2 protein chains.
Amino acid sequence: MGSGVSSEEERVLRLAARFGVAQPGVAMGIGDDAAVLEPPAGKRLVWTVDAQVEGVHFRREWLASLRDAGYRSFMAAASDVAAMGAEPWCALSGLELPAELGDDALDALTAGQRAAADELGTSIVGGNLSRGPALAITTTLLGTCEAPISRSGAQEGDGVWLAGPVGLAAAGLTALAAASTAPHLAAAIAAWRTPVARIRDGRALAGVAHAAIDVSDGLARDLGHVAAASGVRAVLDAELLLEHAGDTLARAAEAVGRAPLELLLYGGEDYALVAAAALPLPGFTRVGEIRRGAGLSLRTAGKETDLVPRGYDHFVTE
Amino acid sequence: MGSGVSSEEERVLRLAARFGVAQPGVAMGIGDDAAVLEPPAGKRLVWTVDAQVEGVHFRREWLASLRDAGYRSFMAAASDVAAMGAEPWCALSGLELPAELGDDALDALTAGQRAAADELGTSIVGGNLSRGPALAITTTLLGTCEAPISRSGAQEGDGVWLAGPVGLAAAGLTALAAASTAPHLAAAIAAWRTPVARIRDGRALAGVAHAAIDVSDGLARDLGHVAAASGVRAVLDAELLLEHAGDTLARAAEAVGRAPLELLLYGGEDYALVAAAALPLPGFTRVGEIRRGAGLSLRTAGKETDLVPRGYDHFVTE
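This structure is a prediction, so every number in the text was calculated from the model and none was measured. (Residues numbered from 1 in each chain as written. Chains lettered and ligands numbered in written order. Predicted model: local features only at pLDDT ≥ 70, side-chain atom pairs only at ≥ 80, totals over all residues. Heavy atoms only, no water.)

Chemist: Is there a simple way to think about the side chain of Asp 222 of chain B in this case?
Modeler: Residues and elements named next belong to chain B. Following the sequence through the fold, Asp 222 ends up in helix 7 (residues 219-230). Nearest to the buried, unbridged Asp 222 among oppositely charged side chains is Arg 221, at 5.7 Å. A polar atom in the side chain of Asp 222 sits 2.9 Å from the backbone nitrogen of Asp 217. Leaving out residues up to four positions away in the same chain, Asp 222 has contacts with Ile 213, Asp 214, Val 215, Ser 216 and Asp 217. (Helix = DSSP H or I, 4+ residues; strand = E, 2+ residues; numbered from the N terminus. Buried < 20%, exposed > 50% of the residue type's maximum accessible area, 1.4 Å probe, protein only. Lys, Arg positive; Asp, Glu negative; His and termini not counted. Salt bridge = Lys/Arg side-chain N within 4 Å of Asp/Glu carboxyl O. Polar contact = N/O pair within 3.5 Å; in protein donor to acceptor, adjacent residues only side chain to side chain. Contact = heavy atoms within 4.5 Å.)

Chemist: Explanation requested: helix 7 of chain B in the structure shown.
Modeler: Side chains of residues three or four places apart in an α-helix project in the same direction, reflecting 3.6 residues per turn. All names here are of chain B. The end-to-end C-alpha distance of helix 7 is 16 Å, a good match for the 16 Å that 12 residues give at a rise of 1.5 Å each. Extensive coverage of helix 7 is indicated by the burial of nine of its 12 residues. Along helix 7, the residues that are buried comprise Leu 219, Ala 220, Arg 221, Asp 222, Leu 223, Gly 224, Val 226, Ala 227 and Ser 230. Among the residues trailing helix 7, Gly 231 stands out with phi positive, at a value near 70°. (Expected span 1.5 Å × (residues − 1).)

Chemist: Could you clarify how one ought to interpret the pairing of strand 7 (residues 159-163) of chain A in this entry?
Modeler: In regular strands, side chains alternate between the two faces of the sheet. In terms of burial, strand 7 of chain A is largely enclosed, as five of its five residues are buried. Alternating positions in strand 7 of chain A separate into two faces, Gly 159, Trp 161 and Ala 163 of chain A on one and Val 160 and Leu 162 of chain A on the other, with burial throughout.

Chemist: Explain the packing of aromatic side chains here, please?
Modeler: For any two aromatic rings, the description comes down to two numbers: the centre-to-centre distance and the angle of the planes. Residues and elements named next belong to chain A. Enumeration according to the criterion identifies two aromatic pairs over all chains in this entry. Here Trp 62 and Trp 192 contribute two aromatic rings whose centre-to-centre distance is 5.8 Å and whose plane-to-plane angle is 80°, an arrangement assigned as edge-to-face. Taken together, the residues Trp 62 in the loop between strand 3 (44-53) and helix 2 (66-83) and Trp 192 in helix 5 (residues 186-193) connect sequence positions 130 residues apart. Each of the two residues, Trp 62 as well as Trp 192, counts as buried. Note that Arg 72 overlies the ring of Trp 192, its terminal NZ or CZ placed 3.9 Å from the centroid. (Phe/Tyr/Trp six-rings, centres within 6.5 Å; stacked < 30°, edge-to-face > 60°. Lys NZ or Arg CZ within 6 Å of the ring centre and 35° of its normal.)

Chemist: Could you clarify how one ought to interpret the environment of Gly 85 of chain B in this entry?
Modeler: Residue and element names in this part refer to chain B. In this fold, Gly 85 is placed in the loop between helix 2 (66-83) and strand 4 (87-97). Judged by relative accessible area, Gly 85 falls into the buried class, the value being 13%. Between the C-alpha atoms of Gly 85 and Lys 303, which are 218 residues apart in sequence, the distance is 34 Å. Look past the residues within four positions of Gly 85 in its chain and what remains in contact with it is Cys 145, Ile 149, Gly 202 and Leu 205.

Chemist: Sorry if this is basic, but what is going on with the interface of chain A and chain B here?
Modeler: How big an interface is tends to be stated in terms of the accessible area lost upon association of its parts. Across the boundary between the two partners, chain A contributes 65 residues, which contact 65 residues of chain B. Of the roughly 5,400 Å² buried where chain A meets chain B, counting both sides, 60% is carbon and sulfur surface. Ranking the residues of chain A by area buried against chain B places Asp 33, Trp 47 and Phe 315 of chain A at the top, with a combined share of 19%. Across the chain A-chain B interface, the total number found is eight salt bridges. Here Arg 151 of chain A ties to Asp 33 of chain B by a salt bridge, and the two come within 3.2 Å at their closest N and O atoms. Counting every contact that joins chain A to chain B gives 14 residue pairs in polar contact (both at pLDDT 80 or more). Sorting elements by how many residues they give to the side of chain A that touches chain B places strand 3 of chain A first, with nine residues. Its residues assigned to classes, the side of chain A that touches chain B shows 35 nonpolar, 14 polar and 16 charged. Across three bridges, strand 3 of chain A lies against strand 2 (residues 35-37) of chain B in antiparallel orientation. (Buried area = accessible area lost by both parts, 1.4 Å probe. Nonpolar A, V, L, I, M, F, W, Y, C, P; charged D, E, K, R; others polar. Pairing = 2+ DSSP bridges.)

If you want it as structure tokens, here you go:
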């Protein structure tokens, strides 16, 4: 159909063809006023919504193609489900599309959404199409679980456990924003463009972790949320963090001229998981501990300094 | 707190204070990565997402205040739940806010969302805040029902049944867009600014209606969807439609210089319900019938003419 702009109805048909997959418990998918679901008996549902807006969360020139925008927006929403220790079940996709966005671009975008959904074993069962001044992708996901892990259960004596790279996506974003051609940036750019929601690591939280959150706005800020919600103090260990991050982050940080520890503490959008647990969590590395008190600190060579839990805020420029 | 712009975290606290209401089956609301729900046993869920974007769905000067934007966006999403014959259960609110939108404006907006949720006996249990180039409100709603009513079950011999005003909101929008000060427009302007999702009428569909849809894009277009999905032909009766609409629409149409029948067939955003059923539906008026065949026609003084199911399309200017 080329790069024209089809009507809304034709586009809904294209989306139905793209997304229409049988998923257990989905009685009706795309094509009616609402999707119809049969919730699994005896399980709880977790429910989240997340938006990625062009010019705010991404610029088109930072992407290999709009496929990345579709992929990463879906993964960002699914990461909230992972952080609750739940399995993604199904999703709705709300798209705001600028008038000039052609069918080819829309196809790339929805191919990315579909690829992400497939990787997580879930499917998109409906959505909404609207015109908008900028491309915006809103994903709402339902997940299922036995016992969700909240932010508020961290206990004195727990370890702070981390799964997945942190700071790498921020290095990638820095490189993309500067149009850097330095070497050693491929992993960082991939971390920003195509992050993966850590569903399997989230599953490991069940029955063990006392609290968890995904690292979307920066480790300091997100772990700060856990500490505040749990009424405890979190201590991060710089050496353990740097060891967890390894050479990949060190090289990327050098290539973009930033300190690895700054990227680790304040860089977001890797969608790592951080949890508080008394016992080891498979797939996680211990990077600190939970103490009595409030706030957040960093231990470097045995010395502790307070951390301000800053990170990305949509309404305050820091 | 005046008309400043608070940080994202402060705004989340304001939203938690605005929306935090106990709702049956909601184990955790605002403040974690996801809401946690306990679905009612033995029921099906219906799930919808809808967006209202400034400059596309509304202009700020057409509203009495941003309260209207919050209210009507919530009702538009809830109308999809009504059209399935379901009860709204709970909602998530995704807001894209321009940098200059102050806390007072946000408070007005969320007051409208809360008022709409209260009227429907539901609550907002979470959401997402993001910056955006234009104000956009994305509402995702879960509803519960025994047996959802789809668009695809209309049968030859069914009546076409209508609940609620149709065309009045389009008259109101015409008046607002022209900044008209003609008399007799109050009802039309209210119909556009503060439509109400017809949950009670939706409830009447259960076990009786063969198909239903809400009239968001115009009766011709939306009933056209039912005819196409059901593989039947729908016939609308002009006299019955005009009688159903009554003096309120006649006067509003005159005030804005448009034909009542044109508003009835092609005007959207009243969120009336239209259904196909063999038996009378309480609260609905019979305005036509379902025949063998395909497409849509209008009967005027005993003569039938084909109707093109046009109406609002986001990507084609008609």
